[in-house]
Amino acid sequence: MRGVVTVCCLSFLLGLVAVVESDEDYTEDEEMILSLILQDDTQPEAESRPSAQFYRCTKDAWRMPGQYIVVMRNGTHVNQVERTVRRLRAKAAKRGYLIEILQTYSGAFYGFLVKMSSDVLHMAVKLPHVEYIEEDSSIFAQSIPWNLQRILQNKHEPGKYSPPNDGAKVGVYLLDTSVQVTHRELEDRVMVTDFNSVPEEDGVRVHRQASQCDNHGTHIAGVVSGRDSGVARGASVNSVRVLNCQGKGTVSGALAGLEYIQSSLMSQPIRPVILLLPFVGGFSRTLNAACRTMVESGAVLIAAAGNYNDDACLYSPASEPEVITVGAVNFADQPLSTGRTGTNVGRCVDVFAPGDDIISASSDCSTCFTTKSGTSQAAAHVAGIAAVLLNLSPNSSSAELLQQLLYHSVKQVINPESLPQDHRLTTPNMVVALPDPTSTLTGEDLFCRSVWSERSGASGFATAVARCRQGEEMLSCSSFSHNGARAGERVEVRDGQKECVAVNGNGGQGVFAVARCCTGHKAQCQMIESPERGADAECPPDHQLTGCSSSSSSGDVSDSDRPLYGSRRACPAKRGVTSYASCCHMSSLECHLKEHDPTDLSEQVEVSCEDSWTLTGCQALSRGSVTHGAFALGNTCVVRTSGRDKGAAAIATCCRHRPSAHPTSRVTTEDLLDA
């Protein structure tokens, strides 16, 4: 029977040869194919010609195995390319392999692109007229994505992403979905832990392809430390799965993940370490407390603010004060808004970062990229920058790291009109950036930030409270009211922690407390209260005055007089008013006052500290107008007033560590007071 089939095949092929015998090339082709088919498999091929060279990409992650570019020798013509293709197809088919020709080339060179098993390569390199074969590989656009360019802020080499370091000394725990660790962006950068605590996916028909289950986590890991899309490309990432294939988890699962990390750090300590939490849930006292405990143990926690166009304080872990909470901005440095959703805002947001159309690794394939938007992506940028900063200053605490992030950020670029009116004052107007390559700042430098409370109730003497983070010192306390009805502010100590307490005044609509929280001073500070109403609150000898506060028992507007800053450092008090002086002792600490008293009527008065000086205190000095209060924006003291009288002056207290070359003699009041 087999002989009959062979005769039939021979008859068909000989007939085919007879039909096309007028074309010499094709006649030879068919004879070649026929000879290959009839060739005895038991006899080795007589190959006298040397094999062609085979090349592959020097970057293993960029290789595309199974796809090859076959380059023909010089002088080859199109017919020979076609014959070579048919010869390769016949040889492969004889051994049970199929090939697919994807492209032929006849311009810059002669050849073809073929998709085939690597087992066919040994046959392909022995084909006539083949000069060499090169394995296909990936190529990539070399422009810097907008988000990486933005965090550079033009302080680095143009056209090149060049952070001060790659964050290699820092470990990052990513609590997210699973991660595709075989992606070219993440190879040797991500370790998948054995932790897995996720709920079942919703619905009865859920496709659990790896590309879906790894989607969010792969993209976030790429933003943190991806080979080409990452912010800190040397940081190691540990994947802790707390979100399922739909990106959904539970508070209990997140708690278990934090407990797993804490146990891992106890058995194998990593320092410094960052925990990235690119998720939000409803407000959870338990989740917030667990995050606070992790910070107390020395970890830095960074969380997404949420994508609900809402107050971040309503969500966890974004609402936890010890967590660094990140909002998202777009290419124009404006709050991210996508239809009905957008970045959360408010006083619980610490800083903003790029979060719109962020390109990073896609789990669709090992070389795929995609763009995603949201506060998860923004938080990943901050985690990367934090790794760079911790690489420079590994002993920085979470509070010190936040101060460094704020110091290096770009300030006052967000249009306040783009924020909800209720959150315009309390939302920080800062977008993160990498430090300048020449920066020598560390966690020991004097940094301060403003912490706003939520607004108090409208009843008489209702209070609002602002607190600093662990590791921060409150160097002053002020208050603000939209309609100007406030009874001042005072500093109290509760459970060993200072509190800035603002008091709503008669006819008030609610008041805000604004604490000035600082790190890096290493000074011994205390709050001095005036011994009686109307008396000065005076600092002890050899102490620096860093800020003044005052409160009225009558419920009327309370502003103190100009601070005394000469031989006596004190906060004066008007009749019926209690003053509070923040006093710090440290040999290298020096402070002075800077005042701006405009000659014309202005509803907003500002005064800024000089470069190298830090604003520690801000207060208003009324000239007859109603003062709504004083607060700090960055290194600027802002006072707002209303009424048609003579306005008000803004007084800033500016402090710094005395430079080593600076004379130690005491500066006079005339030198310090800059009218």
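Sorry if this is basic, but what is going on with the pairing of strand β5 (residues 130-137) here?
Where a strand is regular, its side chains alternate between the two sheet faces. Two strands pair when backbone bridges link them, and strand β1 (residues 53-55) and β5 are joined in this way by three bridges, in the parallel orientation. When the sheet's bridge partners are listed, phenylalanine 54 is paired in β5 with isoleucine 133. Of the strand pairs in this sheet, strand β2 (residues 63-72) and β5 are connected by six bridges, and their pairing is antiparallel. Note that in β5 the partner of valine 71 across the bridge is tyrosine 132.

What is the right way to read the side chain of arginine 486 from this model?
Checked against the element boundaries, arginine 486 lands in strand β24 (residues 486-494). Polar contacts involving the side chain of arginine 486 include one to the side chain of threonine 627, which spans 3.1 Å.

Help me understand helix α10 (residues 375-392) in this model?
Structurally, the α-helix is built with 3.6 residues per turn, so residues lying three or four positions apart point the same way. Given a rise of 1.5 Å per residue, 18 residues ought to cover 26 Å, and the 26 Å separating the end C-alpha atoms of α10 matches this to within 8%. In terms of residue burial, α10 counts as a mostly covered element, since 17 of its 18 residues are buried.

Help me out: how do you make sense of helix α7 (residues 215-225) in this one?
Most of α7 is tucked away: nine of the 11 residues are buried. Listed as buried for α7 are Gly217, Thr218, His219, Ile220, Ala221, Gly222, Val223, Val224 and Ser225.

I'm lost on the packing of α10 against helix α11 (residues 398-408) in this one. Help?
Describing two packed helices takes the angle between their axes plus the distance from one axis to the other. Viewed as axis vectors pointing N to C, α10 and α11 meet at an angle of 105°, and their least axial separation amounts to 10 Å. Regarding the angle of α10 to α11, the classification is roughly perpendicular. Mapping the contact onto sequence places Val382, Ile385, Ala386, Leu389 and Leu390 in α10 and Leu401, Gln404, Leu405 and His408 in α11. Residue composition of the contact of α10 with α11, grouped by class: seven nonpolar, two polar and no charged.

Explanation requested: the sheet that holds strand β4 (residues 110-115) in the structure shown.
Strand pairing in a sheet relies on backbone hydrogen bonds, with the paired strands running either antiparallel or parallel. Spatially, β1-β5-β2-β4-β3 is the arrangement adopted by the five strands of the open sheet, whose pairing is mixed. Taken across any chain shown, the strands that pair with only one partner, and hence form the sheet edges, are β1 and β3 (100-106). Between one strand axis and the next, the sheet turns through 20° on average, direction left out of account. Strands β2, β3, β4 and β5 of the sheet are contacted by helix α3 (residues 78-94), whose axis makes an angle of about 25° with β4.

Reading the values: rules and limits
Residues numbered from 1 in each chain as written. Predicted model: local features only at pLDDT ≥ 70, side-chain atom pairs only at ≥ 80, totals over all residues. Heavy atoms only, no water. Pairing = 2+ DSSP bridges. Helix = DSSP H or I, 4+ residues; strand = E, 2+ residues; numbered from the N terminus. Polar contact = N/O pair within 3.5 Å; in protein donor to acceptor, adjacent residues only side chain to side chain. Expected span 1.5 Å × (residues − 1). Buried < 20%, exposed > 50% of the residue type's maximum accessible area, 1.4 Å probe, protein only. Axes fitted to C-alpha atoms, helices over the stretch in contact; angles between N-to-C directions. Parallel < 35°, antiparallel > 145°, perpendicular 65-115°, else oblique. Contact = heavy atoms within 4.5 Å. Nonpolar A, V, L, I, M, F, W, Y, C, P; charged D, E, K, R; others polar.

What is shown is where atoms sit, not what they do.
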